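Examining the three-dimensional arrangement
Residues per chain, in single letters:
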Amino acid sequence: MSIPLVRHRYGAAAKTAAEAELQRQGIPASVLKENNLSFDASGHETIVPATVALIMTVLAALQLTGNHWGQTLSWIFQPLVLVGNVLIIYSNLTAAKSVQAAFARKGDPMLARIDATALLKAAESGFPRWVMPILQNIRHAVVMGGSILILILILIALVVA
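We now turn to the structure provided with this report. As the structure is a computational prediction, the values presented were derived from the model and not from experiment.

Let's talk about the layout of surface pockets
- Its volume calculated, the largest pocket comes out at about 1,800 Å³.
- Taken together, 50 residues form the lining of the largest pocket, with Ile3, Arg7, Ile88, Ser91 and Asn92 sitting closest to its centre.
- Sorting elements by how many residues they give to the lining of the largest pocket places helix α8 (residues 131–160) first, with 11 residues.
- Its residues placed into classes, the lining of the largest pocket shows 28 nonpolar, 17 polar and five charged.
- Met56, Leu59, Ala60, Gln63, Leu64, Ser74, Gln78, Ile150, Leu153 and Ile154 are the residues that line the second largest pocket.

Notes on the packing of aromatic side chains
- A complete count under the given rule lists one aromatic pair for this structure.
- For the ring pair tyrosine 10 and tryptophan 130, a centre distance of 6.4 Å and an interplane angle of 80° mean the geometry is edge-to-face. Here tyrosine 10 is found in helix α1 (residues 2–24), whereas its partner tryptophan 130 is found in the loop between α7 (116–124) and α8, with 120 residues between them in sequence.

Details of the environment of valine 142
- Topologically, valine 142 is positioned in helix α8.
- Measuring from C-alpha to C-alpha, the distance between valine 142 and phenylalanine 77 comes to 16 Å, with 65 residues separating the pair along the chain.

A closer look at the nonpolar core
- In this structure, Leu22, Ile114 and Leu119 are the most contacted members of the largest nonpolar core, which totals 18 residues.
- For this core, the secondary structure elements donating two or more residues are α1, α2 (31–34), α5 (95–105), α7 and α8.
- It is α1 that contributes the most residues to this core, four residues altogether.

A few points about the packing of helix α4 (residues 68–93) against α8
- Remark: α4 packs on α8, axes separated minimally by 10 Å, with the N-to-C direction vectors making an angle of 155°. Considered as vectors, α4 and α8 are oriented roughly antiparallel to each other. α8 is crossed by α4, and the crossing has left-handed handedness.
- Among the residues forming the contact of α4 with α8, the class breakdown is 16 nonpolar, eight polar and one charged.

About the thresholds
Residues numbered from 1 in each chain as written. Predicted model: local features only at pLDDT ≥ 70, side-chain atom pairs only at ≥ 80, totals over all residues. Heavy atoms only, no water. 1 Å grid on protein atoms, 1.4 Å probe; cavity = no way out; pocket = protein on both sides within 12 Å on 5 of 7 lines; lining within 4 Å. Points joined across faces, edges and corners; volume = space filled by probe spheres on them. Helix = DSSP H or I, 4+ residues; strand = E, 2+ residues; numbered from the N terminus. Nonpolar A, V, L, I, M, F, W, Y, C, P; charged D, E, K, R; others polar. Phe/Tyr/Trp six-rings, centres within 6.5 Å; stacked < 30°, edge-to-face > 60°. Core = buried A, V, L, I, M, F, W, Y, C linked by side-chain atoms within 4.5 Å. Buried < 20%, exposed > 50% of the residue type's maximum accessible area, 1.4 Å probe, protein only. Axes fitted to C-alpha atoms, helices over the stretch in contact; angles between N-to-C directions. Parallel < 35°, antiparallel > 145°, perpendicular 65-115°, else oblique. Left-handed = near helix turned anticlockwise from the far one by under 90°.

Listed below in C-alpha cells is the structure:
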C-alpha cells in the first residue's frame, strides 16, 4: 500500500510538474485528463494494491488459524502476486515507450509530438527523491521476497507434515 499512499500525497505535485512540461513542449495540459493520465492514487492505482493486501491478510489469517484453505489458496495466489509484480516492474521500465506508443496510436499529431520521456521525468520530479527508485525497489523486494518466503514456508510445512 506504500505506492498508493505516496501517490495520494504527492500526485498533485507530479501532475503540476507534468503539466508544466507539456506547456514547455507547446502542448495543452488538458491532454493528461483527456487521455486518462494521472499521477495520483485514483482508480486501479489504489484498488489493486488494496485488494491484494486484503487477500494476503485473509490468507495469512487462514494459515495462522491452521485452516487448510490457507495453504491451498496461497499456492494459487502467491505465484500470481509474483507474476503481477514482474509485470509492474516491466511496466515501470517501459513506461515512456508505452506512453509514446499509446499517443501515436491515437493518430493525433499533437499527441505524437509529446516527448513522453521528458513528461514522465517531469512527473517523477513531483515526488520526493526517496520514492523512485528507493521506495519502489523496497516495495518490489518485500512483495517478491515475501511471496517466495511464503511459498518456501508452505513447502516446508507440507514436507514436515
